[in-house]
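Chain and residue survey
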Amino acid sequence: MRPLQPFETLGCRMNINRVVLLVLDGVGIGALPDAGEYGDEGAHTLLHCAQAVDGLSLRTLDRLGLGHVVSYPGASFSRAPLAHYGRLAEASAGKDTLTGHWEMMGLILREPFPTFPGGIPETILDQLAAETGYRPLGGCPASGTSILESLGEEHLRTRRPILYTSADSVLQIAAHLDLYSLEELYALCEKARRLTESWRIARVIARPFIGQPGSFRRTPDRRDFSLPPPSGTLLDRLQQSGVPVVAIGKIDDIFAGRGISVRRSAHTNAEVTRCVRSALEDLQHGLIFANLNDFDTLYGHRRDPAGFAAALRELDASLPGLLAWLRSEDLLLLTSDHGCDPTFRGTDHTREFAPLMAYCSARSPGSWLGVGSTFSDLAATIAHAFSVPWNGPGVSFFSRLEAC
């Protein structure tokens with residue numbers, strides 16, 4: 001493992017037409033120095049997943065440089081990595097999805113979003129009851145699957161929506177599709193979003209489900225109603241400069257539609273990967289911003305290290321096909337927004353370093369980029385790649401790619 005060192009900047013002449021930013025949601029690579037302040041000292045998502053399955057072979061990711069960034073059972077070390085590689089530290093206060101993604105786009109939060117470990121305040125429950133005519137069931141921190149089993153039958157009898165929270169700054173509203181159409185559930189969440197603006201709750205999440213007591217299951221029609229970014233981000237700057245932004249997966253929800261040119265719906269990692277390849281067919285110039293959510297949602301929060309490891313292998317197997325679609329004027333960036341160690345205590349995200357791999361076929365083999373002090377180095381680098389003026393936080397490592 002190389003020591004901490006800052007990014008350096010040099011002169012630059014490299015031409016880039018498209019940037020693909022892939023966020024491996026929840027794939028952390030070791031506790032940050034301040035992880036103890038969050039109760040996360042000792043967390044290490046990738047290492048612990050690999051240990052749980054007696055070694056993890058990620059041949060393509062390691063060829064891109066992952067094995068040089070972090071040591072884990074099964075890692076391999078390419079003598080000539082395809083990508084430039086490093087690590088990023090989170091500068092914002094917090095460890096949630098919005099905080100991480102907003103920081104990637106140049107918005108650093110000094111105050112974390114509020115959470116409700118003691119349950120959702122009565123004031124909010126009263127406001128929702130007055131607005132909708134139904135006092136929500138629940139209101140407590142809970143697992144999304146277990147609360148359906150405990151309250152789903154009463155929900156079917158009363159039509160009262162199920163409301164719960166988690167370790168994140170979220171209000172989750174679950175409703176059975178026999179009682180609420182998707183449009184009705186989304187409208188209810190929009191009301192909840194408006195009613196809670198002053199609380200600064202990061203996300204209101206619609207959780208539709210189907211089935212009968214004992215066999216309830218959530219559908220893939222989840223939708224996040226996020227707090228809008230409080231100030232401009234790189235996405236706004238790109239849009240103002242005529243650089244299209246294609247949002248894939250939950251990226252559009254995370255930014256409340258701000259700075260997005262094209263929205264493409266995708267739920268699973270496989271769907272996201274297919275959408276990225278489709279976007280590469282259509283887009284000649286611009287940013288493709290995609291979130292691979294399965295690691296976090298299906299395996300991290302549910303404490304399934306074997307499933308997490310399998311999802312990493314599936315992504316690794318899909319990457320050669322994606323790399324084949326890239327041109328010499330394309331830049332692929334792989335990173336994460338936080339950790340979600342499935343072997344750690346609780347079900348929360350974990351405060352960890354994010355991996356960084358920057359691949360451009362015209363600039364291979366890669367080299368060590370160092371450790372960035374903020375995810376906003378991505379914003380500075382993407383702005384640099386598109387020759388868009390940037391006076392926000394972060395230090396561009398784009399010139400390091402050109403110099404190699």
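This report concerns the structure included in the present document. (Residues numbered from 1 in each chain as written. Predicted model: local features only at pLDDT ≥ 70, side-chain atom pairs only at ≥ 80, totals over all residues. Heavy atoms only, no water.)

1. Quick word on unusual backbone geometry
Comment: phi is negative for the bulk of residues other than glycine, and the bulk of peptide bonds are trans. Our working rule: For helices the rule is a DSSP run of H or I covering at least 4 residues; for strands it is a run of E covering at least 2, with both sets numbered from the N terminus onward. A 1.4 Å probe rolled over the protein chains alone gives each residue an accessible area, and that area as a share of the maximum for its type sets the label: buried under 20%, exposed over 50%, partly exposed in between.
We note that Asp54 has phi near 60°; this positive angle belongs to a residue other than glycine. By the secondary structure assignment, Asp54 is in the loop between α1 (45–52) and α2 (59–63). Owing to a relative accessible area of 75%, Asp54 belongs among the exposed residues under this scheme. Its identity as a non-glycine residue notwithstanding, Arg200 has a phi of 60°, on the positive side. The topology assignment puts Arg200 in the loop between α7 (182–195) and β6 (203–210). According to the relative accessible area criterion, Arg200 is partly exposed, its value standing at 27%.

2. What to know about the environment of Arg363
Inspection of the secondary structure puts Arg363 in the loop between β13 (354–359) and β14 (368–372). Residues Arg363 and Gln51, 312 residues apart in the sequence, show an inter-C-alpha distance of 33 Å.

3. Considering the packing of α1 against helix α12 (residues 305–325)
Note the threshold: Comment: axis = line fitted to C-alpha atoms, over the contacting stretch for helices; angle = value between 0 and 180 degrees taken between N-to-C directions. In what follows, roughly perpendicular refers to angles from 65 to 115 degrees, roughly parallel to angles under 35, roughly antiparallel to angles over 145, and oblique to any angle outside these ranges. Should any heavy atoms of two residues lie within 4.5 Å, those residues are counted as being in contact. Amino acids outside the nonpolar list (Ala, Val, Leu, Ile, Met, Phe, Trp, Tyr, Cys, Pro) and the charged list (Asp, Glu, Lys, Arg) are all regarded as polar, and Gly is one of them.
Direction vectors running N to C along α1 and α12 enclose 105°, while the axes themselves pass 9 Å from each other. With respect to their mutual orientation, α1 and α12 come out roughly perpendicular. Touching Thr45, Leu46, Cys49 and Ala52 of α1 are Pro305, Phe308, Ala309 and Leu312, all from α12. By residue class, the composition of the contact of α1 with α12 is seven nonpolar, one polar and no charged.

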